[in-house]
Amino acid sequence: MMYKFLYITIGLFAIASCVGSQQISSPSKTQSNNIIVNNISEFNAATAAMSPGDNIILANGVWTDAELVLQGQGTTDNPITLRAEEKGQVFLEGESNLRISGQHIIVEGLVFRNGHTPTGSVISYRTSKTSLCNNCRVTECVIDDYNPSERFESDYWVDIYGKNNRFDHNYLVGKRNRGVTLAVRLQTEESRENYHRIDHNYFGYRPTLGSNGGETLRVGTSHHSLTNSNTTVEDNYFETCSGELEIISSKSCQNTFRNNTFYECQGTLTMRHGNETVVDNNYFFGNRKPNTGGIRIINESQTVTNNYCQGLTGSRFKGALVIMNGVPNSPINRYFPVINSKASNNMLIDCDHVQLCAGSDAERSAPPTNTQMTSNIFYNTQKDDVFTVYDDISGISFEDNILSENITKPMYDGQAVKSGFTNKKLKFVDKGDIKICTDYPKIGPNIEQERPNKNNTGVSWYPKKDYQITFNSGKVIEVLPGDNTIWKAMKMAQKGDIIRLMKTGQYHQSKSVDINHTVTIESANGLADKPELTFERSSLFNIENGGSLRLKGIRVSGSESDDYSGNAVIRTSRYSMIDNYKLIVEDSDFIDLDVNHSFNFLKVFKNTFADSVRLSNCNFENISGHVLNLDKEIDNTGIYNAENVVVENCTFRDIGGTAIMLHRGGKDESTFGPILELHNSTFDNVGYDKRNKHEAALSFHGVQYADIRNIDVTDSRKINLHLIVGEPVIKLNDINFTNSEKLESNDDAYQSSNLNYK
Ligand code: CA
């Protein structure tokens, strides 16, 4: 009733304000300097001749394909503003974007959603190469899942040029394609020593890209990295910003990162290029999530003080505190050695990895010099070997650092560091979700300062997005055996729903079932036999963009499939998928996928990315093609098809192709995966089909982490390892090869025990 009344009232006003403008479609000045515009031509007319103090007001509603260009000269006292009639009621959709230039312009309250920018940025602080912004501000704007359909079509959401600009209280969430979320650009002199302030923004989730180019924030580029940017990034909240190794990439001099909160972000705040950067009073909460990191120091005269890190599990370049090795006489785009830098008064609670001289190799052979590590607390009662030292640490002076009683002091060349670390039993008090050390209350952040969180950053008037892929959160749709019963049920299914197969029997699909949401297909409890699924088309399930699939307790036979080559039980979209997907398969059997050659269990396409694939308690038998081949990214650019792959308690028997194949090519170091866990499984007669070009039963190329244990390989082709990039961690334990080919690897840098050949 209330709403109805509101609509009527607004409707009357809308009619009243439109009467005068309908014929000539010109903007209407309602009162002094307020100019309401209803469409792009009114906007263009209004912005053609603006005076200081003018307020351009976008009328409520959806603006489709609106490319807003605003050039104006406001003054300190009389800025030009561009704002929404009502915050949260103006939506820029389709191919919309915003470019501004001039002085003293304020943009407020716009929402970009349901579309993508046709240019390289959504919001740009310039209107041409030479028309930049100075003293401008963008505040309380939202960019929400505003992505192109092509995963590797690059764009930036925000490009800041010019000087003295501010970007504050904005909510940026769900960037999924290649390209930095927010970049400070330093191409010309007019954009350097810029004193921009980026504050109180809510950087919402950024899913793993599976490639370089997934940074949330970048300041500068290697090319201009020795110039001063003087950008301050403070009081922002970063939530699961996990696009790649660098949450933030600082690539210029004299930047400040102060009092920001990083919540469950994979990667680190990285001082990738440039000197004299300050990282002070920031909070990093990993909550023990994988690959969560803290701060990575590279280059000269960096200051890292008073930061609080808790529950960070990341190793190597994703450590809680990382001091890198550099390249002697480094080219501008490689790694400058760490010189004259300091890390002091930082508090690391329950963090697993502190890395000194990280990245040491033939090229990065210059260890840190004239660098200090002073008065830090490293407290972790669960892990003793927190420090990893990769090269000579004599260039780092250690003083007054405190360790929990169990932590081993850093070692180099078999010698523990002689002084600068004291093991101590420490007392803490909990203050909200952080710990304060009562023995050293001055170490760690200043808790008097308000810490950024979900509520004091971003905007208050826009809903916070739920980004989890959550199975089994919706309704149950009950289905009986018959023709296309699953296909029909899927038409009704929504996000989180469960399609439950109520009886034993045959569920035959003459149409492929498109998966457009997160859905589960499972057998009802207590059935005597698994429901059997058969299908006629080239695939049974198609995971389309936005889809994720969980299968449980079913049996799939390929015996009634089309007699063509290249069938698959499950395939991904043939086109680029901007959304990452999950595939979970439990307690299920897949048999007789052999009506023709190259019949796969899963068939993935290029430009698709699985957040995770998990197979547990499954049997795969009599299959002419591959079971799990995630190998369609072959360009050697560090792009790959799946982040987490888990296979446990599975049997593979009579498989023509490979049982599992993961491929990540190239030497790029900016991703986390692929990550493999393969446990308690058997492989029988796998890999001998003449079309199996990998000539292996299992093949892992460029995998970053693999834990393979307790598996039996019988009458099968080899396990093939190809180790590249940094220091991949590959563990092979308790593997029995019977009448099978031997393990083959390009490199012996893997850990192994109990490899038995019979
Ligand atoms: Ca990067």
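Residues numbered from 1 in each chain as written. Predicted model: local features only at pLDDT ≥ 70, side-chain atom pairs only at ≥ 80, totals over all residues. Heavy atoms only, no water.

**Some details on the overall build of the protein**
Part 1: The secondary structure content of the protein amounts to three helices and 73 strands.
Part 2: If one aligns the C-alpha atoms of the protein with their principal axes, the spans along those axes are about 85 × 75 × 45 Å.
Part 3: Here the protein holds 758 residues, and the buried ones make up 58% of them.
Part 4: Across the protein, every contact between residues at least 6 apart in sequence was considered, and the portion connecting residues at least 24 apart equals 74%.
Part 5: Working note: accessible area of the protein is about 29,600 Å², and carbon and sulfur atoms make up 45% of it.
Part 6: Of the charged side chains in the protein, 75 are positive and 91 negative, and the gap between their average positions amounts to 2 Å. (Helix = DSSP H or I, 4+ residues; strand = E, 2+ residues; numbered from the N terminus. Buried < 20%, exposed > 50% of the residue type's maximum accessible area, 1.4 Å probe, protein only. Contact = heavy atoms within 4.5 Å. Areas by Shrake-Rupley, 256 points an atom, 1.4 Å probe, with all protein chains shown as cover. Lys, Arg positive; Asp, Glu negative; His and termini not counted. Charge placed at Lys NZ, Arg CZ, Asp CG, Glu CD.)

**Some details on the coordination of the calcium ion**
Part 1: Surrounding the calcium ion are the protein donor atoms Asn 212 (OD1), Glu 215 (OE), Glu 244 (OE), Glu 244 (OE) and Glu 246 (OE), at 2.3 to 2.6 Å.
Part 2: The sequence motif formed by the donor residues of the calcium ion is N-x2-E-x28-E-x1-E.
Part 3: By relative accessible area, which is 6% here, Glu 215 ends up buried. (Donors = N, O, S within 2.8 Å, 3.2 Å for Na, K, Ca; no water.)

**Concerning the nonpolar core**
Part 1: Grouped together as the largest cluster of nonpolar side chains are 82 residues, with contacts concentrated most on Leu 110, Tyr 125, Val 158 and Leu 356.
Part 2: Apart from residues lying up to four places away in sequence, Leu 356 is in contact with Ile 323, Met 373, Phe 387, Thr 388, Val 389, Tyr 390, Asp 391, Ile 393, Ile 396, Phe 398 and Pro 410.
Part 3: With 72 residues, the next largest nonpolar core counts Tyr 507, Val 519, Val 604 and Val 647 among its residues. (Core = buried A, V, L, I, M, F, W, Y, C linked by side-chain atoms within 4.5 Å.)

**Focus: the side chain of Ser 252**
Part 1: Within the element layout of this structure, Ser 252 appears in the loop between strand S24 (246-251) and strand S25 (256-258).
Part 2: For Ser 252, a relative accessible area of 0% puts it in the buried group.
Part 3: Only 3.0 Å separates the side chain of Ser 252 from the backbone oxygen of Val 219, close enough to count as a polar contact.
Part 4: Here Asn 255 takes part through its side chain, which lies 2.9 Å from a polar atom of the side chain of Ser 252.
Part 5: Dropping the residues within four chain positions of it, Ser 252 is found in contact with Leu 186, Val 219, Gly 220, Ser 225, Thr 227, Ser 229, His 273, Gly 274, Asn 275 and Thr 277. (Polar contact = N/O pair within 3.5 Å; in protein donor to acceptor, adjacent residues only side chain to side chain.)

**Examining the pairing of strand S3 (residues 55-58)**
Part 1: The two faces of S3 match: Asn 55 and Ile 57 on one face and Ile 56 and Leu 58 on the other face are all buried.
Part 2: Inspection of the sheet shows strand S2 (residues 34-37) paired to S3 by four bridges, in the parallel sense. Within S3, the residue paired with Asn 34 across the bridge is Asn 55.
Part 3: Where the polypeptide runs from S2 across helix H2 (residues 40-48) and back to S3, its parallel neighbour, the crossover connection is right-handed.
Part 4: As paired strands, S3 and strand S6 (residues 80-84) are joined by four bridges and run parallel to one another. Looking across to S6, one finds that Ile 56 is bridged to Leu 82. (Pairing = 2+ DSSP bridges. Right-handed = clockwise from strand over helix to strand, strands pointing away.)

**Quick look at the environment of Lys 129**
Part 1: Topologically, Lys 129 is positioned in the loop between strand S11 (121-124) and strand S12 (133-134).
Part 2: The class for Lys 129 is exposed, based on a relative accessible area of 68%.
Part 3: Each C-alpha atom, one on Lys 129 and one on Cys 265, is 34 Å from the other, the two residues being 136 residues apart in sequence.

**Some words on helix H3 (residues 485-492)**
Part 1: Turning to H3, its buried residues number three or more, namely Thr 485, Ile 486, Ala 489 and Met 490. Buried residues of H3 fall within an arc of 135° about the axis and therefore sit on the same side. (Arc of directions from axis to C-beta.)

**Digging into the sheet that holds strand S70 (residues 718-722)**
Part 1: Spatially, nine strands are ordered S51-S54-S57-S60-S63-S66-S68-S70-S72 in an open sheet, and the strand pairing comes out parallel. Strands at the two margins of the open sheet, each flanked by one partner only, are strand S51 (513-515) and strand S72 (744-745).
Part 2: Judged from the five bridges that link them, strand S68 (residues 696-701) and S70 form a sheet pairing that is parallel. Across the sheet, His 701 pairs through a bridge with His 722, a residue of S70.

**Looking at the side chain of Gln 509**
Part 1: With respect to the helices and strands, Gln 509 occurs in strand S50 (residues 506-509).
Part 2: Accessibility expressed as a relative area gives 0% for Gln 509, which makes it buried.
Part 3: When near neighbours in sequence (up to four residues on either side) are disregarded, Gln 509 contacts Asn 484, Thr 485, Ile 486, Trp 487, Thr 534, Phe 535, Glu 536 and Leu 540.

**Examining the pairing of strand S5 (residues 67-73)**
Part 1: Judged by which residues are buried, S5 turns out to be one-sided: Leu 68, Leu 70 and Gly 72 face inward and are buried, whereas Glu 67, Val 69, Gln 71 and Gln 73, on the alternate face, are not.
Part 2: Pairing of S5 with strand S8 (residues 97-103), which is carried by seven bridges, proceeds in the parallel orientation. Across the sheet, Leu 68 pairs through a bridge with Leu 98, a residue of S8.

**Comments concerning the domain arrangement of the protein**
Part 1: Domain assignment breaks the protein into domain 1 (266-446) and domain 2 (559-757).
Part 2: Taken over C-alpha atoms, the centre of domain 1 sits 36 Å from the centre of domain 2.
Part 3: Opposite the nine residues of domain 1 that make contact, domain 2 presents five residues.
Part 4: Across the interface of domain 1 and domain 2, roughly 620 Å² is buried in total on both sides, 41% from carbon and sulfur atoms.
Part 5: The largest per-residue losses of area from domain 1 upon contact with domain 2 belong to Gln 266, Asn 291 and Arg 316, which jointly make up 55% of the total buried on that side.
Part 6: Here domain 1 is connected to domain 2 by two salt bridges.
Part 7: Its salt-bridge partner being Arg 364, residue Glu 669 comes within 3.0 Å of it at the nearest N-O pair.
Part 8: Between the two partners, domain 1 and domain 2, sit two residue pairs in polar contact (both at pLDDT 80 or more).
Part 9: In terms of residue class, the side of domain 1 that touches domain 2 is made up of three nonpolar, three polar and three charged. (Domains from an automatic or database assignment. Buried area = accessible area lost by both parts, 1.4 Å probe. Salt bridge = Lys/Arg side-chain N within 4 Å of Asp/Glu carboxyl O. Nonpolar A, V, L, I, M, F, W, Y, C, P; charged D, E, K, R; others polar.)

**Focus on the confidence of the model for the protein**
Part 1: For the protein, per-residue confidence averages 94 on the pLDDT scale, and residues scoring 70 or more make up 96% of the total.
Part 2: Contacts from residues 1-25, a stretch scored under 50 in pLDDT, to residues over four places away or in other chains number six contacts. (pLDDT = per-residue confidence, 0-100.)

**Points about the packing of aromatic side chains**
Part 1: Evaluated as defined, the whole model comprises 25 aromatic pairs.
Part 2: Pairing Phe 535 with Phe 599 gives two aromatic rings, centres 6.2 Å apart and planes at 85°, and the pair type is edge-to-face. With Phe 535 in strand S53 (residues 532-535) and Phe 599 in the loop between strand S59 (589-593) and strand S60 (600-603), this pair connects stretches of sequence that are 64 residues apart.
Part 3: Their ring planes at 75° and their centres at 5.0 Å tell us that Phe 601 and Phe 620 sit as a pair that is edge-to-face. Of this pair, Phe 601 sits in strand S60 while Phe 620 sits in strand S62 (residues 619-623), placing them 19 residues apart in sequence. Grouping residues by exposure puts Phe 601 and Phe 620 together as buried.
Part 4: Of the aromatic side chains, those joined through ring pairs into one cluster are Tyr 171, Tyr 202, Tyr 237, Tyr 263, Trp 461 and Tyr 462.
Part 5: We note Arg 451 situated over the ring of Tyr 283; from NZ or CZ to the ring centre the distance is 4.8 Å.
Part 6: Directly above the aromatic system of Tyr 757 lies the positively charged group of Lys 742, at a separation of 4.8 Å from the ring centroid. (Phe/Tyr/Trp six-rings, centres within 6.5 Å; stacked < 30°, edge-to-face > 60°. Lys NZ or Arg CZ within 6 Å of the ring centre and 35° of its normal.)

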